[in-house]
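In case you want the letters, here they are:
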Amino acid sequence: MQILPSDVINYKKIKEGVINFFIKNKIILPFLIVLLFISLYFLIDYSTQSLVAHDEGLYARRARLIEYSDNWFYPPFSSAHHKTLGSYWFIALSIRFLGNSELALRIPSILSSFLCLISSYLIALKITNKKAALISVFSLSSMPLWIQYSRYASPDLPFVCCILLVILFFLQFLDSSEYIRQYFYIFLSGLFTSTSFFIRSYMAFVPLIGLTPFIYYHLLRKKHTFKVFFCSGIFFGSIPTCLNLYYSFQKFGIVGITTLFDFAKKQAVGEVGFKSLILVPLNFIYLTFPIGILLLILVVFTRSNNRINYPLLIYCYPLLSLTLLLCMSTSYPHYYLVLLPILSIIFSTYLTSNSFRYYFSKLSINYILFIIILFISSALLFSFINYKELFIRYTYGNPLIVYIVTLFLLLSYLTSIRFLFDVKHLSFNLIPFFFNIIIPQYISLSLLFNFGVLGNPNYKTKLFLKDDMVSSIINSNTIYLFSVDSKTQTLLSYYLPSSRVLDDFQQITKYKYVITSNINKFEDLDVKNIFTSIKKFDNHFLLMKISH
């Protein structure tokens, strides 16, 4: 049978047609990318989500107390609190409008993450160029630490957003030629400066001290009226903090104020541990992968050709802030979130335009990246083959998503190698390699969070609470918590609003339902016959019912 030429599919023409379609309709492709990006934040299986103790559980419980009290400045706590109430405002507002759910608790971080990306892009535009600004956004959004806290019930992302707005409005002030706009922007920069303290308490001092040389240098050269407007913004932004401290003083006395600063002193003052100095670089590489390791390689072997505006912002700000964080006696990975936007901008300036420091730089970069990719691919493949039982256990019997994601990542790593040894195009360009790694990483990590493989450490607790028999009891009865470990107690205090913590074991026979982890004490005091086990979860927590 003869095949007519018209019957043969001309793939080349189809490809050209598709490319021409997107060239003519330039808005469609960016729209599809943005739609995919947003969908990965919200297409979440909420049956697989649980709060992380302690932090998420504590923030959720305290935010609900504020929302229930209907007083946004007066502390609803039984003792003086070590944080300003702004730490809980956004979560409390979300609870008010969306109810008690994991989505409501995490919406403030999700929305703040979007706003951070937009602000970071606008800041990068003023510092470098459009191409570098776009790469900085992709860099920031793909970092594991950023992906995690973009879905985390805490004030960290709203705080980072606040600091970025301080920087953005200050840059707008410097670039604007109209006096009215300048006054408006410098006022807003001051406003968000003091608002950041209300949101994150003493932690706001870290980036603000880092920004001081940049702000002071440029503000010093401006008219006196601009300084007045900046200070006015700081004054108006500090009103919520002052109201909070005033009502705290009214309720608890001077302790209501000193507790805030005593906690800051405890966290900040102490010996600089060598263990932390070793762990910070490792955490940096792991939690910012691949941006952190790529930046280190580029800094060592290349120099940026991009013109950098505002070097005090790009170099002095992160260096000062990082020094302060390293000197703190207690430092957690999320403290470094505020530095990630600037880190992504620095990285983008090196990636988009660079020149080699040494004659062997190109070869060294290619082989170092090849070894890293090969090592990670081998580790993934080894884990995939040898730890199937762990996959099943940590995916709660549904390992399909892990298998798909692992295979997807493996393919992206292996295909990225071709950009390192591209014999067709002899020019050195790591941008295709970069996108081939970070886009699959962003999609994969987002899916793992969305389906509860990551960020879901208390799945069994949620499963226990959703049990038909248990839910029928907890919906109509007060549950007493006795000798429950602090993390589970934090979660149960949120998930069971009517629950009560019981300290006196001698009073336990008065109550009908008790959750405990200390079953041995029940047996020792011969109250075993009074209680019977209804449901067990996590192998050591029991719901006990008083028999009649």
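See the structure printed just above.
Residues numbered from 1 in each chain as written. Predicted model: local features only at pLDDT ≥ 70, side-chain atom pairs only at ≥ 80, totals over all residues. Heavy atoms only, no water.

1. Quick look at the overall build of the protein chain
The following threshold applies: Each helix corresponds to a stretch of at least 4 residues labelled H or I by DSSP, and each strand to a stretch of at least 2 residues labelled E; elements are numbered beginning at the N terminus. Each residue's exposure class comes from its accessible area (1.4 Å probe, protein chains only) as a fraction of the maximum for that residue type: buried when under 20%, exposed when over 50%, partly exposed otherwise. Whether two residues are in contact is decided by their heavy atoms: any pair within 4.5 Å suffices. In short, Shrake-Rupley with a 1.4 Å probe defines the accessible areas, and a residue's cover is counted only from the protein chains shown.
In terms of regular secondary structure, the protein chain is built from 25 helices and seven strands. Going through the 548 residues of the protein chain one by one, you find that 47% of them count as buried. In the protein chain, 77% of the contacts between residues at least 6 apart in sequence involve partners at least 24 apart. Carbon and sulfur atoms make up 66% of the accessible area of the protein chain, which amounts to about 27900 Å² in all.

2. Quick notes on the layout of surface pockets
This is how it is decided: For cavity detection a 1 Å grid was placed over the protein atoms alone, and a set of points counts as a cavity when a 1.4 Å probe fits there but cannot get out; an open set counts as a pocket when protein lies on both sides within 12 Å along at least five of seven lines, with lining residues being those that have an atom within 4 Å of a point. Grid points are joined across faces, edges and corners, and a volume is the space filled by probe spheres set on the points.
By volume, the largest pocket is sized at about 1200 Å³. Residue assignment for the lining of the largest pocket shows that the elements contributing at least two residues are α5 (102-127), α7 (144-149), α14 (274-287), α18 (361-386), α19 (388-394), α20 (400-420) and α21 (431-450). Of the residues forming the lining of the largest pocket, the biggest block, six residues, is contributed by α18.

3. Quick notes on the packing of aromatic side chains
So the rule is basically this: Aromatic contacts are taken between Phe, Tyr and Trp rings whose centres are within 6.5 Å, Trp giving its six-membered ring; a plane angle under 30 degrees counts as stacked, one over 60 as edge-to-face, and the others as tilted. Look at NZ for Lys and CZ for Arg. If either is within 6 Å of the ring centre and within 35 degrees of the ring normal, a charge sits over the ring.
Applying the stated criterion across every chain, the model contains 37 aromatic pairs. Arranged with centres 4.8 Å apart and planes meeting at 35°, the rings of tyrosine 183 and phenylalanine 226 form a pair that is tilted. With a gap of 43 residues between them, tyrosine 183 in helix α9 (residues 179-200) and phenylalanine 226 in helix α11 (residues 224-237) connect regions that are remote in the sequence. What makes tyrosine 183 partly exposed here is its relative accessible area of 22%. Given the relative accessible area of 2%, phenylalanine 226 is considered buried. Members of the aromatic cluster, each reached through a chain of ring pairs, are Phe170, Phe173, Tyr179, Tyr183, Phe214, Phe226, Phe229 and Tyr310. The side chain of arginine 151 reaches across the aromatic face of tyrosine 41, ending 4.6 Å from its centre. Sitting above the plane of the phenylalanine 173 ring, lysine 222 keeps its charged end 5.6 Å from the centroid.

4. A few points about the packing of α5 against helix α6 (residues 130-142)
Heads up, the rule is: In this analysis, axes come from line fits to C-alpha atoms, helices being fitted only over the stretch in contact, and the angle between any two N-to-C directions falls in the range 0 to 180 degrees. An angle below 35 degrees is treated as roughly parallel, one above 145 as roughly antiparallel, one from 65 to 115 as roughly perpendicular, and anything else as oblique. In this scheme, a crossing is called left-handed if the near helix is turned counterclockwise away from the far one by less than a right angle; it is called right-handed if the turn is clockwise.
Orientation of α5 relative to α6, taken along the N-to-C sense of each, is 150°, at an axis distance of 8 Å. Looking at the two axes, α5 sits roughly antiparallel to α6. The handedness of the crossing between α5 and α6 is right-handed. Contact residues: α5 offers Leu117, Ser120, Tyr121, Ala124 and Leu125, while α6 offers Lys130, Ala133, Leu134, Ser136, Val137, Leu140 and Ser141.

5. Considerations on the packing of helix α15 (residues 291-301) against α18
The description of two helices packed together rests on the angle between their axes and the distance between the axes. What counts, and what does not: Three classes are used: nonpolar for Ala, Val, Leu, Ile, Met, Phe, Trp, Tyr, Cys and Pro, charged for Asp, Glu, Lys and Arg, and polar for all others, with Gly counted as polar.
Here α15 crosses α18 at 160°, and the two axes come no closer than 10 Å. When the axes of α15 and α18 are compared, the pair comes out roughly antiparallel. Between α15 and α18 lies a crossing of right-handed hand. Seen from α15, the contacting residues are Ile293, Leu294, Ile297 and Phe301; seen from α18, they are Ser361, Ser364, Ile365, Ile368, Leu369 and Ile372. Among the residues making up the contact of α15 with α18, the classes are represented as eight nonpolar, two polar and no charged.

6. Comments concerning helix α16 (residues 311-327)
Inclusion rule: Helix span, as expected, comes to 1.5 Å for every residue beyond the first. Here the bend at a residue means the angle between the axes of two seven-residue stretches, the one that ends at it and the one that starts at it.
The terminal C-alpha atoms of α16, which comprises 17 residues, lie 24 Å apart, in line with the 24 Å expected from a rise of 1.5 Å per residue. At tyrosine 317, α16 shows its strongest bend, of approximately 25°, with the proline proline 318 following within four residues. Where α16 is buried, its residues meet α5, α8 (156-175), α10 (205-220) and α17 (340-352).

7. Observations regarding the pattern of salt bridges
Stated precisely, the cut-off is as follows: The salt bridge definition used is simple: a Lys or Arg side-chain nitrogen within 4 Å of an Asp or Glu carboxyl oxygen.
Applying the stated rule across the entire model yields seven salt bridges. Residue aspartate 175 is joined to lysine 126 by a salt bridge in which the shortest nitrogen-to-oxygen separation is 3.3 Å. Of this pair, aspartate 175 sits in helix α8 while lysine 126 is found in helix α5, placing the two residues 49 residues apart along the sequence. Between glutamate 178 and arginine 181 there is a salt bridge; the shortest N-O distance is 3.3 Å. Taken together, the shared-partner salt bridges in this structure form one network comprising Glu67, Asp70 and Arg96.

8. A closer look at the side chain of threonine 241
Its location among the elements puts threonine 241 in helix α12 (residues 239-252). Those residues in contact with threonine 241, other than ones at most four positions away along the chain, are Thr84, Ser194, Phe197 and Phe198.

9. Considerations on a nonpolar patch on the surface
Quick reminder of the rule: Patch membership requires more than 30% relative accessible area and the absence of a salt bridge. Residues of like charge join within 9 Å; the nonpolar side chains Val, Leu, Ile, Met, Phe, Trp and Tyr join within 5 Å.
On the surface, Leu29, Phe31, Leu32, Ile33 and Leu35 cluster together into a nonpolar patch covering about 470 Å² of accessible area. Looking at the element boundaries, phenylalanine 31 is found in helix α2 (residues 28-42).

10. Points about the pairing of strand β5 (residues 513-516)
Defined as follows: When DSSP finds two or more bridges between two strands, those strands count as paired.
The two faces of β5 match: Tyr513 and Ile515 on one face and Val514 and Thr516 on the other face are all buried. Judged from the three bridges that link them, strand β3 (residues 480-482) and β5 form a sheet pairing that is parallel. Bridge pairing links leucine 481 to isoleucine 515 in β5.

11. A short note on the side chain of serine 176
Formally: Definition of a polar contact: a pair of N or O atoms within 3.5 Å, with one able to donate and the other able to accept a hydrogen when the atoms are protein atoms, and with sequence-neighbouring residues admitted only if both atoms are side-chain atoms.
Mapped onto the elements of the fold, serine 176 is located in the loop between α8 and α9. Separated by 3.4 Å, the side chain of serine 176 and the backbone nitrogen of glutamate 178 make a polar contact. Setting aside residues no more than four positions away along its own chain, serine 176 makes contact with Arg181, Gln182 and Tyr185.

12. Structural notes on the state of the cysteines
Note: disulfide means a covalent bond formed between the sulfur atoms of two cysteine side chains. Stated formally: Cysteine sulfur atoms are paired as a disulfide whenever they come within 2.5 Å of each other.
One pass over the full model with this rule turns up zero disulfides. Cysteine 116 takes part in no disulfide bond, and the closest cysteine sulfur, belonging to cysteine 161, lies 4.4 Å away. Classification of cysteine 116 by relative accessible area gives buried; the value is 0%.

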